[in-house]
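Below are the chains, spelled out letter by letter.
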Amino acid sequence: MEKGKGLVDLCIEAATACSESVDIWRRQRRTLERLPFQLADDLFRRLHSRRLLSPSILEIFQFCVNEVDLRGESCVDAEWMVYLSAFRYLHSLNIADCKNVNNFALWHLSGTYSFDGVLTQLEHLDLWGSEISNVGAATFEKFPMLRILNIAWTKVTRMPILSIACLNMSNCTIHSIVDGDNTATATLSKLIVTGAAFIDADQVLSILQLDCLKFLDISCSNIGSFNFLVNLRNLEHLNLRYSQITDGLMEQVASAGEKLRYLNLSNTKITSHALSVLVGCVPNLENISLSHTLVDDTSLLYISMASSLQLVDLSNTRIRGFVDSGRENSDKMLSLSALQNLTNLKSLNLEDTKVMDEALQPLSLLTELECLYLKSDFLTEISLHAIASLQKLRFLGFRGAVLTDYGLLSYRPPPLLCVFDLRGCWLLSANAISSFCKKYQQVQVRHAHVNNPFEDEIVSYGTSASFITTKVPMSRPRTVKSSNTSFVDERMKYSTEELLQLESSTGFSFMLKDLDLLPEILRK
Amino acid sequence: MKKEDTVKLVSAEGFEFVVDKKAAMVSHTIRNMLTSPGSFAETQHGEVTFPEISTPILEKICQYFYWSLQFASGKETEFHIEPEITLELMMAANYLHT
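None of these values were measured; they are calculated from a predicted model.

Enquirer: How would you sum up the sheet that holds strand β2 (residues 16-20) of chain B? Please name residues and give values.
Expert: Residue and element names in this part refer to chain B. Strand order in the open sheet formed by three strands is β2-β1-β3, with mixed pairing between adjacent strands. Pairing within the sheet leaves two strands with one partner each, and these edge strands are β2 and β3 (47-49). Shown here is a sheet whose adjacent strand axes are inclined to one another by a mean of 25 degrees, direction ignored. As paired elements, strand β1 (residues 6-10) and β2 share five bridges and run antiparallel to each other.

Shown next, in the form of structure tokens:
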């Protein structure tokens with residue numbers, strides 16, 4: 001028994017100890033009806049996690065439960081829905097990824113076959129990945145309070161008229177979001193259709209009345225025309241990641257830019273020209289992602305005019321850090337200096353760009369910066385010392401750089417620094433890192449040589465050993481700690497090439513949870 | 001034991017349980033009643049009535065108070081709860097914030 005457990009927890013534990021216990025208290029109907037929602041929800045959750053729920057148990061909870069989460073349960077079917085349809089005070093129902101939830105089951109949930117139409121309080125329904133189609137979708141009208149609906153990865157292609165606030169139709173094939181009355185969508189404030197295949201996106205979306213729409217995620221969708229954006233005057237969050245947006249279509253994005261605070265254009269074909277279109281149209285933009293696009297240094301000038309920006313992601317772009325002034329033999333102009341106009345800039349990502357040491361000099365002027373992400377083979381300790389003046393940094397990524405032990409030990413981290421990500425800095429020795437860690441204990445260093453607290457349970461680490469030493473199969477990390485009691489230096493087992501492979505594999509010790517990413521030799 | 005070190009807890013049926021103040025304070029609700037200056041009559045009389053809590057449940061709760069103190073001081077025993085009273089006890093414990 002854990003220390004400090006309250007009596008409520010002890011009671012829930014006792015009540016869900018075994019099915020015999022349940023059989024004793026389940027007859028106390030009156031008491032159950034008086035159970036406060038929060039207790040009933042906790043008890044219900046615990047019964048579920050102890051696998052003690054069954055349709056007949058559901059019945060006793062019909063007057064006291066607010067929230068039901070049965071996602072991923074293959075046993076949940078139409079019979080369960082019959083009982084759930086009687087949950088008078090149910091606010092939130094999650095039956096996502098239940099393979100036996102189909103149209104038939106949904107009709108039972110909607111109370112279509114019962115006399116007293118119920119679930120009048122249901123606000124949140126999650127059917128993600130279940131086997132429903134338009135036939136099932138027709139039942140949504142039976143839930144008058146429904147506000148949040150997730151039907152991603154289903155076969156629903158059109159929605160009945162609904163006044164809901166949040167709709168997720170990701171990865172659906174969409175013929176229409178509402179049939180007929182377009183004013184029905186006037187309440188919609190959040191629409192997520194990532195990965196959706198629209199039959200005719202512009203037609204589907206432009207007939208909607210979307211005055212309230214604040215959040216739109218059309219990433220990975222097949223939308224090729226963005227005229228509908230012109231009507232979205234209140235949009236604050238727009239995700240166009242992996243979309244078919246191009247420079248030529250940016251006018252439409254700009255027209256919805258007035259209130260935009262978040263814009264994700266990553267993994268698209270846009271170039272710096274797209275930013276020139278946005279300039280002046282996004283006065284409230286705080287967060288922009290241009291990662292994996294074709295933007296280059298000329299974009300920085302435009303970006304620097306969006307003065308509200310707090311977070312800029314330029315990773316994996318063509319940024320070099322300087323622009324040629326046109327004249328031969330003249331000094332290169334350092335393009336990153338434009339960013340000093342962004343007085344609110346808190347986070348900057350320049351990972352996997354082509355920046356070199358000298359181009360990073362202007363970063364020392366971004367004194368408000370709290371998070372800086374750098375990752376490049378070209379960087380050396382010169383850059384590290386150039387950014388030493390950034391006193392507000394809390395996160396510093398300096399990955400894959402040519403950083404020597406001396407360079408690290410002569411660096412004085414800013415006072416607020418919490419995380420110092422040095423993954424892939426292959427020159428650093430374990431000794432240098434460990435003395436840095438000792439000197440600055442408030443800083444969590446990420447490097448293959450460091451045993452981070454969050455993977456304590458997985459990684460065993462000998463102070464003299466440079467590598468994780470374990471013979472136990474990595475596919476079962478929980479067994480590692482218990483069975484691996486002796487520390488053996490297995491470096492001798494590997495060839496130099498293999499060791500280098502280990503060294504350069506980006507932060508392998510931090511991703512042990514993603515076992516598939518492990519280098520071959522560690523998976524033995 | 002001095003009277004000011006104890007508190008009297010009264011069940012719905014009028015049964016009185018006299019327990020150490022220290023034990024009763026395991027409950028945040030009772031602690032608030034006993035320590036907030038002047039606002040509760042309970043503070044003066046050292047007596048709290050629970051019209052919603054039946055005698056057997058209140059008795060179990062008093063046992064829990066003492067068990068909890070022992071547990072905190074390192075004597076880790078199990079606190080057994082009979083399935084018959086789990087629901088009632090749960091509600092009372094919820095009310096008493098214990």
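Enquirer: Quick one: what's the story with the interface of chain A and chain B, residue by residue and with numbers?
Expert: Every contact between the two is made by 19 residues of chain A and, on the other side, 15 residues of chain B. Mapped by element, the contributors of at least two residues to the side of chain A that touches chain B are α1 (7-15), α2 (19-25) and α3 (29-34) of chain A. The dominant element in the side of chain A that touches chain B, judged by the number of residues it contributes, is α1 of chain A, at seven residues. Considered class by class, the residues forming the side of chain A that touches chain B number 14 nonpolar, four polar and one charged.

Enquirer: Any details on the pairing of strand β18 (residues 395-399) of chain A? Residues and values, ideally.
Expert: Residues and elements named next belong to chain A. In terms of residue burial, β18 counts as a mostly covered element, since four of its five residues are buried. Note that strand β17 (residues 371-375) and β18 share five bridges and pair parallel. Looking at the pairing, Cys-371 lines up with Phe-395 of β18. Between the parallel elements β17 and β18, the chain passes through helix α13 (residues 381-386) in a crossover that is right-handed. Sheet topology note: the β18/strand β19 (residues 419-421) ladder contains three bridges and is parallel. Looking at the pairing, Gly-397 lines up with Asp-421 of β19.

The rules behind the values
Residues numbered from 1 in each chain as written. Chains lettered and ligands numbered in written order. Predicted model: local features only at pLDDT ≥ 70, side-chain atom pairs only at ≥ 80, totals over all residues. Pairing = 2+ DSSP bridges. Helix = DSSP H or I, 4+ residues; strand = E, 2+ residues; numbered from the N terminus. Axes fitted to C-alpha atoms, helices over the stretch in contact; angles between N-to-C directions. Contact = placed C-beta atoms within 7 Å. Nonpolar A, V, L, I, M, F, W, Y, C, P; charged D, E, K, R; others polar. Buried ≥ 20, exposed ≤ 12 C-beta atoms within 10 Å, placed from the backbone. Right-handed = clockwise from strand over helix to strand, strands pointing away.

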